[in-house]
Amino acid sequence: MEVILVIVIGVLYASGLYMILRRSFVKVIIGLIFLGHAANLLIFTVGRISKGIPAFISIEGTLAENAADPLPQALILTAIVIGFGVQAFAIVLFKRAYQTTGTDDLDELNTTDELIQ
Amino acid sequence: MLYAVVAGFIFAIFFPAAVRINKQAGKIAAAVLPLGIFIYFASFYNTITEGNVIAQSYNWIPSLGINLSFYLDGLSLTFALIISLVGFAVFLYTASYMEGNKYITRFYIYITLFMASMLGLVLSDNIITMFVFWELTSISSYFLIGFNHDKERSRIYALQALLITGGGGLALLAGLIIIANISGGWSISSLADLNELITGHKHYPIAAILVLIGAFTKSAQFPFHFWLPNAMEAPTPVSAYLHSATMVKAGIYLMARMNPSLGGTDLWQHTILIVGAVTMLFTAMLSLKQTDLKKLLAYSTLGVLGTLTMLLGIGSDLAIKAFMIYLIAHSLYKGTLFLIAGIIDHETGTRDITKLGGLRKLMPITMVIAVLASLSKMGIIPLIGFVGKETVYASALEFEPFGTLLIILAIAANVFIVYITIAVGFKPFFGKLKPTPKEPHESPFKMWFGPMILALLGVVLGMFSSVVINSLINFTEIGVINKKLNIPVKLWHGFNLELALSVLTVLLGVLLYFKRDNIVNTLNKISFTKYVKPSYYYEFLLSSTLSFAKFQTKFLQNGNLSNYAAMIIVATIFLGGLALVSFGGAPNIDLTFAPTFAEVIIGIILILAAISAVRAKSRLTAIVSVGVVGYSVALIFIMYSAPDLAMTQFAIETLTVILFVLVIYRLPKYLPFSSMTRRIRDFILAGLGGLLMSLIVLFIIAEPMTSELKKYFGENSLTIGKGRNIVNVILVDFRALDTMGEIAVLAIAAIGVYALLKLKSNGSEK
């Protein structure tokens, strides 16, 4: 079953990278979201997965031998929330930039960074 | 000795405050400092000439073997005396010469820093410490050449000097480190006994060449010589001090200092000999076309530096003796002549020798000093320059098997030096008085006092050479060739071949002076291509470096976000791919569970949604697809025992989609901007990136792993954290501080979002 996850991670990374390279600001944000998903799934997968046994301690006070590893999950949970913060900020920033400059094209927003001459 | 070196640095720090209190007192203090240092070092004279050396060491970075160790022997004492004495003359002179310059404080700071660094350089016994002082002299020289920073030429030539000596400094550092690695120590004085070990090592040639490049750039040897005449853009006291008497001799000092440890091999001796001889003749000849006083002096300095280098290359006992005498003689007369040139410039307003003449009646004291220094420089008895030149000729003559060739080269170079001397030291004072931009007057006491001391010293040292410097020079040689010589320094050797050659040199020099115009006319007819000038290659290298930097910046940092991203992706794919390839082998894929139908379906949905988001023609389609991807990820979390993640993901995904739709509801059409080629390029890049990540995951999960932390959390979550849901316990208990940080980040993002939404677009227009 990891094979499916491996393929999904690859596709998410590829589409995330492709979107990051676009000129439209909206697409770049979508790329950012995809890369976030891809990274989360990557951590999830390399932390080893288990099926149907969440990291809960049973009534007897023990953790099942083949239960899921709680640590990657804790990390990903943090990452999801932080990722949301970044996305929300990027979306609003985009809106602002669009209102001020009137364009959605990142290639036209490079004047401050361009080498003169 | 530490205090003698550090005094200059401390002085430079407190000088601005001192000047603010009392301007005159500050300047006098500045002149007293080198005088004090001179007296301090002169007090060691007896100790050193009795054959002792003084070593002192202070810890600096002991863990790296870098200490402030100082070592005073004949060689470093000679240099320290020259540095402080010429420093005294120059500092006194500056007080008058720079009168009224609004940056005079700055000037004193730079030149004091230089003096302290130069002292540190010649006294250091630790390789790294010496290198630090070496670089400090280059840096202070940069500031001083560019002192008149409103002139473009000053800036250009300051940079040129810095780049050449600094570049040489890097080579030197590399060479010194190799030597330290071979010898296993950082002490310069202990290297002298390791000559066989070092010269026999397989890395010796590269180390020797690197050290020599450092020395040649610093001492302006061919083909690096061109920075020195250009450095004449500096105020005259700087030219007198740094670019004739002291700093340019740092390279010479280095070669002399390293001679016992690195010398004796054909590589070392021949390289030095040939480079020195070429510099000597070539640069002396270049002087012919010059008419500027300071430029003429600069070319004669180059000629002398070449001669000194050549003498080290000859390496015989007599040559080393000649080296030391000539070094002292040159520092005295050349410092003087530069200061005289400055006086003439200061009083008449011009430095062009064709416009100067007949100043003897107006400036008698200056004339006397100039004539004394000139006679020493031409090598006329009874001045120290005479002793120097005699010994140079004698050592060139006895060199086998090319003695005849060397003596011809030496005479040729000296003929030009005699010519320069007549042009600089005599021509402005004799003949008919010529009108000058300023009405000339005798210079003030402060200006002529320093040069007079130096000039008189040239007479004293010449006439009483056997008494005054004989013993010092004998002990200097221990530093250079690791043995004490007993060749007495004498003024008069009787009527011999050297004397005849000296007379011949002077006569030819006088002849050259009167025939100069004819020769220059002939020379002007011959056109040399620019490719024979070493400065052409410097400029070519400089301009190509700059255009490469510009090209690279345009290519890598063109302000284009997608370009930056592409660079990062390419670099990651390249490095990651390289690592994977070197890791090698196919991963051992363990299909523990066969995928169920549900898993396959979710996977397919997710992939289709991702593709749909990429290919979407409308913004709404794209956002919906993003939502589907997010929910699919949440489903994956549910399937693989991560209910908390799934819940968070569902909530967050919903929020994101809502926010997205709200914000971009009223926007223009969703346009495809990129060209087809760019899309194909990006597709390939993205595909490779995805493939790489998939492979990485495959490789990692093929390895077995046991999580110790899982066990720890399993045992302690209930007992310590009082919770059964371990993920939650980790977040709110074990790693509670991280969660605090996370909340802080969210809060900051929320403030940012709020501010962006509420802020008026522009203060003026609402």
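Okay, so let's go over this structure. (Residues numbered from 1 in each chain as written. Chains lettered and ligands numbered in written order. Predicted model: local features only at pLDDT ≥ 70, side-chain atom pairs only at ≥ 80, totals over all residues. Heavy atoms only, no water.)

## Examining the interface of chain B and chain A
Argument step 1. Tallying the contact residues gives 102 residues for chain B and 87 residues for chain A.
Argument step 2. Across the chain B/chain A interface, buried area totals approximately 8800 Å², and carbon plus sulfur atoms make up 75% of it.
Argument step 3. Applying the counting rule to chain B against chain A returns two salt bridges.
Argument step 4. Close ionic contact of Lys51 of chain A with Glu599 of chain B constitutes a salt bridge, the shortest N to O distance being 2.7 Å.
Argument step 5. Here chain B and chain A share 15 residue pairs in polar contact (both at pLDDT 80 or more) between them.
Argument step 6. The greatest single-element share of the side of chain B that touches chain A, amounting to 15 residues, is contributed by helix 29 (residues 676-702) of chain B. (Contact = heavy atoms within 4.5 Å. Buried area = accessible area lost by both parts, 1.4 Å probe. Salt bridge = Lys/Arg side-chain N within 4 Å of Asp/Glu carboxyl O. Polar contact = N/O pair within 3.5 Å; in protein donor to acceptor, adjacent residues only side chain to side chain. Helix = DSSP H or I, 4+ residues; strand = E, 2+ residues; numbered from the N terminus.)

## Quick word on the environment of Leu173 of chain B
Residues and elements named next belong to chain B.
Argument step 1. Structurally, Leu173 can be placed in helix 7 (residues 152-183).
Argument step 2. Judged by relative accessible area, which is 23%, Leu173 ranks as partly exposed.
Argument step 3. Sequence separation of Leu173 and Glu135 is 38 residues, and the distance between their C-alpha atoms is 10.0 Å.
Argument step 4. When sequence neighbours within four positions are dropped, the list of residues in contact with Leu173 reads Ile128 and Phe131. (Buried < 20%, exposed > 50% of the residue type's maximum accessible area, 1.4 Å probe, protein only.)

## Thoughts on the pairing of strand 2 (residues 66-72) of chain B
Regular strands have side chains that alternate between both faces of the sheet.
Residues and elements named next belong to chain B.
Argument step 1. Most of strand 2 sits out of view: seven of its seven residues are buried.
Argument step 2. Here strand 2 shows no split at all, with Ile66, Leu68, Phe70 and Leu72 on one side and Asn67, Ser69 and Tyr71 on the other all buried.
Argument step 3. One ladder, built from seven bridges, connects strand 1 (residues 54-61) with strand 2; its direction is antiparallel. If you follow Ser57 over to strand 2, its bridge partner there is Ser69.
Argument step 4. What sits between the antiparallel neighbours strand 1 and strand 2 is a turn of four residues, in which Gly65 has the positive phi angle 75°. (Pairing = 2+ DSSP bridges.)

## What to know about the packing of helix 1 (residues 2-20) of chain A against helix 26 (residues 597-615) of chain B
Argument step 1. Packing of helix 1 of chain A against helix 26 of chain B brings their axes to within 10 Å, and their N-to-C directions diverge by 10°. The orientation of helix 1 of chain A with respect to helix 26 of chain B, classified from their angle, is roughly parallel. In this structure, helix 1 of chain A uses Ile4, Ile7, Val8, Val11, Leu12, Ser15, Tyr18 and Met19 of chain A to contact helix 26 of chain B, whose residues at the interface are Glu599, Val600, Gly603, Leu606, Ile607, Ala610, Ala613 and Val614 of chain B.
Argument step 2. In the contact of helix 1 of chain A with helix 26 of chain B, the residues fall into 13 nonpolar, two polar and one charged. (Axes fitted to C-alpha atoms, helices over the stretch in contact; angles between N-to-C directions. Parallel < 35°, antiparallel > 145°, perpendicular 65-115°, else oblique. Nonpolar A, V, L, I, M, F, W, Y, C, P; charged D, E, K, R; others polar.)

## Considerations on the pattern of salt bridges
Argument step 1. Here the structure, examined in full by the defined rule, presents nine salt bridges over all chains.
Argument step 2. Among the ionic pairs, Arg22 of chain A bridges to Asp682 of chain B, the shortest N-O distance being 2.9 Å. With Arg22 of chain A in the loop between helix 1 and helix 2 (25-46) and Asp682 of chain B in helix 29, the pair connects residues from two separate chains.
Argument step 3. Judged by relative accessible area, which is 0%, Asp682 of chain B ranks as buried.
Argument step 4. Asp345 of chain B is paired through a salt bridge with Arg351 of chain B; the nearest N and O atoms lie 3.7 Å apart.
Argument step 5. For Arg351 of chain B, a relative accessible area of 23% puts it in the partly exposed group.
Argument step 6. Taken together, the shared-partner salt bridges connect Arg22 of chain A together with Arg681 and Asp682 of chain B into one network.

## Side note on the packing of aromatic side chains
Residue and element names in this part refer to chain B.
Argument step 1. Applying the stated criterion to the full structure yields 31 aromatic pairs over all chains.
Argument step 2. Geometrically, the ring pair formed by Phe9 and Phe133 is stacked, given 6.3 Å between the ring centres and 25° between the ring planes. Of this pair, Phe9 sits in helix 1 (residues 2-21) while Phe133 sits in helix 6 (residues 127-145), and the two are 124 residues apart along the sequence.
Argument step 3. Taking the relative accessible area as the measure of exposure, Phe133 reaches 7% and is therefore buried.
Argument step 4. Residues Phe15 and Tyr108 carry aromatic rings whose centres are separated by 5.2 Å and whose planes lie at 50° to one another, so their mutual orientation is tilted. Of the two residues, Phe15 is situated in helix 1 and Tyr108 in helix 5 (residues 104-123); the sequence distance between them amounts to 93 residues.
Argument step 5. Following the ring pairs from residue to residue traces out a cluster consisting of Phe11, Phe15, Phe91, Tyr108, Phe114 and Tyr241. (Phe/Tyr/Trp six-rings, centres within 6.5 Å; stacked < 30°, edge-to-face > 60°.)

Such coordinate-based values are descriptive only and should not be taken to indicate function.
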